[in-house]
Amino acid sequence: MAYDLIIVGGGPGGATAAKIAAENGLNVLLLEAGEEGRYKCCAGGIPVTNEDFTPIPHSVGEREITGGVIVTPKNGPMEFNATEEKDKGYCMFRTDFDRFLVDIARDAGAQVTYGFRAKGIEINSGGVLIKGHEEYRSKCVILATGLGGAHLQRGLGMEVPPMITGIQAEFAIPESAITEQFGNRVWEFFDRTISEHGVAWAFPKRDAVSIGILGRNIKIRDFKSFLRYSFIKDKLNGREMKVFGCHKIWAAPIPDKLIAKPYRDRVMIIGDACGTADPILYEGIYQARLSGKLAAEIFCKAYEEEDFGENSLSRYHNLLLKHLYKEELRYSYKIHTLLYHSGFLEKIINAAYSMAQEDPEMMQSMIALFTRSQTRKQIWKVMLSRKRKLIKHLGISSSLRLIPTLFRASRI
Ligand SMILES: Cc1cc2nc3c(=O)[nH]c(=O)nc-3n(C[C@H](O)[C@H](O)[C@H](O)COP(=O)(O)OP(=O)(O)OC[C@H]3O[C@@H](n4cnc5c(N)ncnc54)[C@H](O)[C@@H]3O)c2cc1C
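All of these numbers come straight from a predicted model, not from anything done at the bench.

A separate point is unusual backbone geometry. The phi dihedral of Cys246 is positive, around 75°, even though this residue is not glycine. Looking at the secondary structure, you find Cys246 in the loop between α6 (230-236) and β16 (250-255). With a phi close to 60°, Tyr282 is a non-glycine residue in the positive phi region. Structurally, Tyr282 can be placed in the loop between β18 (267-269) and α7 (285-305).

This is the structure:
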């Protein structure tokens, strides 16, 4: 039997695309390599904007997040609070969240097969053939494989995004102790002694905390040395790491950049596979879901027109540029350049936070970095409009050394 649409990959991107295409009455098959309930290495922090797609039940959004703490070596913890609903978020285990998303896709009418790994894809004028331990046919395929399907993309002559690595473990801690030690806050650490990238986190769930670091060429020993970081060591106080699939410490890639062409005849690529993650704090769940929604909507149009050619599917790319790149990722790349390629990561964070103390608009923009309550473009504009103050906080010599990076960032 031939399906209208096959989606390969049952993460947030694939499940969202499957739900939307199935709701439109199409015959959809979602293929997921993992077994139901697989562990996914992810801190699981999402802004409330995820509810644009579906409300998140309490049991899935395990801990409501109402604030954040930024930690730098010089300033230590710097707190902020979400004052409005739009600034809140959730932290949850991806096992539960992804299952929830796949279940609602199934309820909408999508057929779901767990434990199927696509090994090859053939495209011809008659349609798509997905090869694994069985074969499936469809009119079109959406690749939503995260960064686990690079061979499929290359096999189709398509690009794979550049990536960095995250290393993480989940620590079992009683709910009341998490509330006391971490609060309903996400903790982000900016310190280039942790890794060359300088980013680490502690994200509290109901009865576990995800602790992780990210960077290029990072090693387990970098992660272990972060566990000895004073704020982390004190809070963990000898607690045990949880075991998932025989491992305590997990590593996974995160993309760094959008690929140039996420479509060809009968194929669209969404989510991490397409490089949609935001390279400031490296979150990608919302972006994967948005790209899944856009691809599914374009597939529905292409189905009506019976045109699955490259031109028809290029409309997905146009929407991606409009809704995800133009005012969001493009400016994330600018902020990324400034933070991670200037050599002034911690200084910029400290300066921005102290400016925000007496500047509510700046504070709101800092909060929005975590919550997406403003676009990245708005945040960038707020920062640039305070250039003089920033120079004052950074000092003349650092500011002068920042100029080439600022110039590079402004050209993106
Ligand atoms: C350590 C770490 C921490 C993170 N923390 C956050 C965070 O706090 N918040 C946030 O928003 N983002 C976070 N991210 C990023 C987030 O995990 C991804 O951006 C998001 O999962 C992308 O969703 P996706 O649907 O595109 O891909 P994925 O979630 O990766 O899903 C892809 C699915 O495809 C399946 N698959 C792969 N290959 C095949 C195949 N050949 N056949 C069939 N199925 C296949 C996989 O099993 C997987 O289930 C983090 C990432 C890492 C590594």
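Across a sheet, strands are paired by hydrogen bonds formed along the backbone, either parallel or antiparallel in direction. Taken in spatial order, the three strands of this open sheet run β3-β7-β4, and their pairing is antiparallel. Lying at the two open borders of the sheet, with one neighbouring strand each, are β3 (45-47) and β4 (63-65). Each neighbouring strand pair of the sheet contributes to a mean axis angle of 30°, computed without reference to strand direction. As judged from the three bridges shared by β4 and strand β7 (residues 89-91), these two strands associate in the antiparallel manner. Paired with Glu64 across the two strands is Tyr90, which belongs to β7.

Turning to the environment of Gly45, a few remarks are in order. With respect to the helices and strands, the residue Gly45 is situated in strand β3. Among the residues examined, Gly45 registers 23 C-beta atoms within 10 Å and is labelled buried. Linking Gly45 and Asn27, residues 18 residues apart in sequence, is a C-alpha distance of 32 Å.

Attention shifts here to α7. In this model, α7 (21 residues) spans 31 Å end to end at C-alpha, consistent with the 30 Å of a helix rising 1.5 Å per residue. Of the residues one or two after α7, Glu306 is the one with positive phi, at around 50°.

Okay, the site of the ligand next. Around the ligand sit 41 residues in total, of which Gly11, Gly146, Gly166, Gly271 and Gly284 are the nearest. Among the secondary structure elements, those contributing two or more residues to the shell around the ligand are α1 (12-23), β2 (28-32), β3, β12 (163-172), β16 and α7. Residues that form the shell around the ligand fall into these classes: 19 nonpolar, 17 polar and five charged. Among the domains, domain 1 (2-41 + 49-55 + 94-161 + 256-327) and domain 2 (63-91 + 163-254) are the pair contributing at least three residues each to the shell around the ligand.

Domain assignment breaks the chain into domain 1 (2-41 + 49-55 + 94-161 + 256-327), domain 2 (63-91 + 163-254) and domain 3 (342-410). Distance from the C-alpha centre of domain 1 to the C-alpha centre of domain 2: 29 Å.

Strand order in the open sheet formed by seven strands is β6-β5-β13-β14-β15-β12-β16, and the pairing between neighbours is mixed. In this open sheet, the two edge strands, each paired with only one partner strand, are β6 (76-81) and β16. Averaged over all adjacent pairs, the angle separating strand axes in this sheet is 20°, with direction ignored. With six bridges joining them, β12 and β16 adopt antiparallel strand pairing. Its bridge partner being in β16, Thr165 is matched across the sheet by Pro253.

Before going further, it helps to spend a moment on helix α11 (residues 376-384). For α11, the full list of buried residues reads Arg376, Ile379, Trp380 and Met383. Buried residues of α11 fall within an arc of 100° about the axis and therefore sit on the same side. Buried residues belonging to α11 abut α8 (310-340) and α10 (360-371).

Of all hydrophobic cores here, the largest spans 123 residues; its most connected members are Ile6 and Val28. The residues touching Val28, leaving out its near neighbours within four places in the chain, are Tyr3, Asp4, Leu5, Ile7, Ala18, Ala21, Ala22, Ala110 and Gln111.

Before going further, it helps to examine the pairing of strand β1 (residues 2-8). The element β1 is largely enclosed, with a buried count of five among its seven residues. Where β1 and strand β11 (residues 135-143) come together, six bridges link them in parallel fashion. Directly across from Ile6, in β11, lies its bridge partner Val141. Note that β1 and β2 share four bridges and pair parallel. Note that in β2 the partner of Ile6 across the bridge is Leu29. For the crossover that starts at β1, traverses α1 and ends in the parallel β2, the hand is right-handed.

Once that is clear, we can look at the packing of α8 against helix α13 (residues 396-410). Where α8 contacts α13, the axes come no closer than 9 Å and their chain directions differ by 165°. In terms of axis orientation, α8 runs roughly antiparallel to α13. For the element pair α8 and α13, the recorded crossing hand is right-handed. Here Lys334, Thr337 and Leu338 of α8 come into contact with α13, specifically with Thr405, Leu406, Arg408 and Ala409.

The next subject is the pairing of β11. The buried fraction of β11 is high, at seven of nine residues. Pairing of strand β10 (residues 127-131) with β11, which is carried by four bridges, proceeds in the antiparallel orientation. Across the sheet, the residue bridging to Val128 is Ser138, located in β11. Connecting β10 to the antiparallel partner β11 that follows it, the hairpin turn spans three residues. Two strands pair when backbone bridges link them, and β11 and β18 are joined in this way by three bridges, in the parallel orientation. What sits directly across from Val141, in β18, is Val267.

Cut-offs and rules
- Residues numbered from 1 in each chain as written.
- Predicted model: local features only at pLDDT ≥ 70, side-chain atom pairs only at ≥ 80, totals over all residues.
- Helix = DSSP H or I, 4+ residues; strand = E, 2+ residues; numbered from the N terminus.
- Pairing = 2+ DSSP bridges.
- Axes fitted to C-alpha atoms, helices over the stretch in contact; angles between N-to-C directions.
- Buried ≥ 20, exposed ≤ 12 C-beta atoms within 10 Å, placed from the backbone.
- Expected span 1.5 Å × (residues − 1).
- Near = placed C-beta within 6 Å.
- Nonpolar A, V, L, I, M, F, W, Y, C, P; charged D, E, K, R; others polar.
- Domains from an automatic or database assignment.
- Arc of directions from axis to C-beta.
- Contact = placed C-beta atoms within 7 Å.
- Core = buried A, V, L, I, M, F, W, Y, C linked by C-beta atoms within 7 Å.
- Right-handed = clockwise from strand over helix to strand, strands pointing away.
- Parallel < 35°, antiparallel > 145°, perpendicular 65-115°, else oblique.
- Left-handed = near helix turned anticlockwise from the far one by under 90°.

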